[in-house]
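Below, each chain spelled out in residue letters.
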Amino acid sequence: MIRKRTRTRGGGGTPARGRLRAALGATTTALLTVTALAALPQTTAHAAGTLGAAAAEQGRYFGAAVAANHLGEAQYAATLDREFNSVTPENEMKWDAVEPSRGSFSFSRADQIVDHARGKGMKVRGHTLVWHSQLPGWVSGLGASDLRSAMNNHITQVMTHYKGDIHSWDVVNEAFQDGGSGARRSSPFQDRLGDGFIEEAFRTARATDPAAKLCYNDYNTDGVNAKSNAVYNMVKDFKSRGVPIDCVGFQSHFNPNSPVPSDYRANLQRFADLGVDVQITELDIEGSGQAQATNYGNVVRACLAVSRCTGITVWGIPDKYSWRSSGTPLLFDDNYNKKPAYDAALSALGGTPGEDPEEPGEPGEPGACTAAYTTAEQWSGGYNGKVTITAGSTAISSWSVNLTIASSQQVVSVWNGSPSTNGNVMTVRSTWNGSLAPGASTSFGFTVNGGTTPAPQVGTCTAS
Ligand code: 9MR
């Protein structure tokens, strides 16, 4: 981590009593930066500090693919539990895992994930019922009529076992070919049952669990291209004929050869316009640093711009457990540190990086700062607040602090700091006064109208 964070020292502070000022007309000395801020909206009390909480404030979920064998690792579970409100079993619900031999079902590893999620109030995406890959050999060996009944039995047994636990199922996964043909991919299902296997799978799924959202899921369909056109035409046909389908999953595995398409949002929107939800189901973006962060921010913003984009799932938690770990495509590094991509995703969701209570720096930690609030002056209708920033044991070159202001109050000016707002949260950054020697202090001030209580809540001080 480049930035170090510390908890705030001091909280509300003691209002300076007895001095009333009738109006705001009186000037404050050293008024270097005065910015009039619009009245702050009254809806959000705190900017969310985790992906799941921030997504929830946008009416979405933010999930991760999870592997049962990592749940015993404390940092893995802690990061999952803190940041995410949806999970997808990465491999544990696939055909080879749950029905390794015909009619013999084994749910224990998938159950571990579902139980964990249920215990934490997380949603679960089911992945996946009918797929050509991770398919046990006995399925590939069946003739058409046996295969049809095996497919329908598989769907029925698995969905029945998880009935009520799964918000969305990838009923059919990756049934289309890559490239420009728009054709279906060769698979035991396609080759023996023909195009109709997809429709049949969806009808069986609806009959089994009418409450689950039924999705078609694929990759390289993230922009407008021949493959996504073929999926689009299938969904359109299903909708026109009343074949049950509720959502389309866009896997969104990106790298320099397969970058985030410029028409990503437009592609999500055209599917949504067919009357289905869209979900980003397996997001990972190879890269690092700011370039990766920018891509993550763009993907999150594309989803938020489409009202039927109901959630985002990243395909893993730390880079080390990614299916393509050498491309470091995820939001957390191997030691579970948040990457710039994490901050970008959280900011795009409207959350505030740095609000995380799990990651406080210690006072005195190199590069850290603390922030302490006092009410400098007050009068009948408002007050002047003062925040003192103190560098930790090493010099810093900039600082930033979040203040949560009561929704009944309005900040009308700020000095010695540069403000920006997000809901009720005002972030104040250093201007000329960012450079502080070890242990040195500076302060900024602000004027609030709309009453003298409650005092603002001061968040973490972030230094660099
Ligand atoms: O991440 C999964 C990896 O652990 C498996 O080895 C692999 C086997 O096919 O499947 C990976 O997940 C895939 C997902 O189920 C479907 N879309 C592509 C994903 C990445 O390969």
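Just so we're clear, the structure is a prediction, and the values are computed from it rather than from any experiment. Sequence order as written defines the numbering, with residues in each chain counted from 1. Restriction of local features to residues with pLDDT of at least 70 applies here, the model being predicted, together with a cutoff of 80 or more for giving and counting side-chain atom pairs; totals for whole chains, interfaces and linings are based on all residues. Remark: hydrogens and water are excluded; side-chain values derive from all non-hydrogen atoms of the structure.

Novice: I'd like a description of the state of the cysteines, backed by residues and values.
Specialist: Count a disulfide wherever a pair of cysteine sulfur atoms falls within 2.5 Å. Taken as a whole and assessed by the stated rule, the structure comprises three disulfides. The disulfide partner of Cys303 is Cys309, and the gap between their sulfur atoms is 2.1 Å. Taking the torsion about the S-S bond as the criterion, the Cys303 to Cys309 disulfide, at about -100°, is left-handed. Each sulfur of the disulfide joining Cys369 and Cys461 lies 2.0 Å from the other. With the S-S bond torsion at -105°, the cross-link from Cys369 to Cys461 turns out left-handed. Of the two residues, Cys369 sits in strand β11 (residues 369-379) while Cys461 sits in strand β18 (residues 457-463), which places them 92 residues apart along the sequence. Only protein chains enter the accessibility calculation, which uses a 1.4 Å probe; a residue is then buried when its area is under 20% of its type maximum, exposed when over 50%, and partly exposed in between. Note on Cys461: relative accessible area 0%, which makes it buried. Take the cysteines of the protein chain that form disulfides and number them in order along the sequence; they join up as 1-2, 3-4, 5-6. In this text, helices come from DSSP runs of H or I with a minimum length of four residues, and strands from runs of E with a minimum of two, each type numbered from the N-terminal end.

Novice: For the pattern of salt bridges, give the residues involved together with the corresponding values.
Specialist: Criterion for a salt bridge: a side-chain nitrogen of Lys or Arg within 4 Å of a carboxyl oxygen of Asp or Glu. Overall, the coordinates contain 19 salt bridges when judged by the stated rule. Between Arg82 and Glu83 there is a salt bridge whose closest N-O contact spans 2.9 Å. A relative accessible area of 0% places Glu83 in the buried class. Between Lys339 and Asp319 there is a salt bridge, with its nearest N and O atoms 2.8 Å apart. Pair noted here: Lys339 is in the loop between β10 (309-314) and α12 (340-348) and Asp319 is in the loop between β10 and α12, with a separation of 20 residues, a long-range link. Taking the relative accessible area as the measure of exposure, Asp319 reaches 4% and is therefore buried. In the salt-bridge network here, residues are joined through shared partners; they are Glu199, Arg203, Asp237 and Arg241.

Novice: Explain the packing of helix α11 (residues 289-304) against α12 to me, and be specific about the residues and the numbers.
Specialist: At a minimum axis separation of 8 Å, α11 and α12 run at an interaxial angle of 25°. Considering their axes alone, α11 and α12 lie roughly parallel with respect to each other. Crossing geometry of α11 relative to α12 is assigned as right-handed. Residues Gly289, Gln292, Ala293, Tyr296, Gly297, Val300, Arg301 and Leu304 of α11 touch α12, and the partners they reach there are Pro340, Ala341, Ala344, Ala345 and Ala348. In this classification, the charged set is Asp, Glu, Lys and Arg, the nonpolar set is Ala, Val, Leu, Ile, Met, Phe, Trp, Tyr, Cys and Pro, and all remaining amino acids, among them Gly, are polar. Across the contact of α11 with α12, the residue classes break down as nine nonpolar, three polar and one charged. Angles run from 0 to 180 degrees between N-to-C directions of axes, and those axes are lines fitted to C-alpha atoms, restricted for helices to the stretch in contact. The labels follow the angle: roughly parallel below 35 degrees, roughly antiparallel above 145, roughly perpendicular from 65 to 115, and oblique for the rest. By definition, any crossing whose near helix is turned counterclockwise from its far helix by less than a right angle is left-handed, and any crossing with a clockwise turn is right-handed. The contact rule is simple, with two residues in contact once any of their heavy atoms fall within 4.5 Å.

Novice: Give me the site of the ligand: which residues, what numbers.
Specialist: Near is defined per residue: the residue qualifies when any heavy atom it owns lies within 4 Å of the molecule or strand. Around the ligand, 14 residues are found, and the nearest of them are Glu90, Lys94, His127, Glu282 and Trp315. Pairs of N or O atoms within 3.5 Å make up the polar contacts considered here, provided that, within protein, one atom can donate a hydrogen while the other can accept it, and that residues adjacent in sequence are counted only when both atoms are side-chain atoms. Contact between the ligand and Lys94: an oxygen atom at 2.6 Å from a side-chain N or O atom of the residue. Glu282 is positioned with one of its side-chain polar atoms (N or O) 2.6 Å from a nitrogen atom of the ligand. Out of a free accessible area of 460 Å², the ligand has 76% covered by protein chains. Of the residues in the shell around the ligand, the class split is three nonpolar, seven polar and four charged. Method for areas: the Shrake-Rupley scheme with a 1.4 Å probe, in which residue coverage is limited to the protein chains shown.

Novice: Please provide a residue-by-residue account of the side chain of Ser228, values included.
Specialist: By the secondary structure assignment, Ser228 is in helix α9 (residues 226-241). Apart from the residues within four sequence positions on either side, Ser228 is in contact with Thr221, Gly223, Asn267, Arg270 and Phe271.

Novice: Give me the lowdown on the UniProt feature "active site" (unreviewed entry) in the protein chain, citing residues and values where you can.
Specialist: UniProt positions are given in the numbering used here, feature names are shortened, and annotations may be inferred rather than shown by experiment. If you check UniProt for "active site" (unreviewed entry), the listed places come out as Glu282 in our numbering. Not counting the four nearest positions on each side in its chain, Glu282 is found in contact with His127, Asn217, Phe250, Gln251, Ser252, His253, Thr313 and Trp315.

Novice: Pulling in residues and values, what's your account of α11?
Specialist: A helix is expected to span 1.5 Å multiplied by its residue count minus one. Its 16 residues give α11 an end-to-end C-alpha distance of 23 Å, which sits within 8% of 22 Å, the value for a rise of 1.5 Å per residue. Of all the residues in α11, the buried ones are Gln292, Ala293, Tyr296, Gly297, Val299, Val300, Ala302 and Cys303. Buried-residue contacts for α11 involve β2 (61-66), β8 (253-254), α10 (264-272), β9 (277-285), β10 and α12.

Novice: I'd like a rundown of unusual backbone geometry, residues and numbers included.
Specialist: In this structure, Thr128 follows His127 across a cis peptide bond, with omega equal to -5°. Its location among the elements puts Thr128 in strand β4 (residues 123-130). Backbone torsion omega between Thr453 and Pro454 reads -5°, so that peptide bond is classified as cis. With respect to the helices and strands, the residue Pro454 is situated in the loop between β17 (441-449) and β18. At Thr328, a position not held by glycine, the phi torsion is positive, near 35°. The topology assignment puts Thr328 in the loop between β10 and α12. For Asn416, which is not a glycine, the phi torsion comes out positive at approximately 65°.

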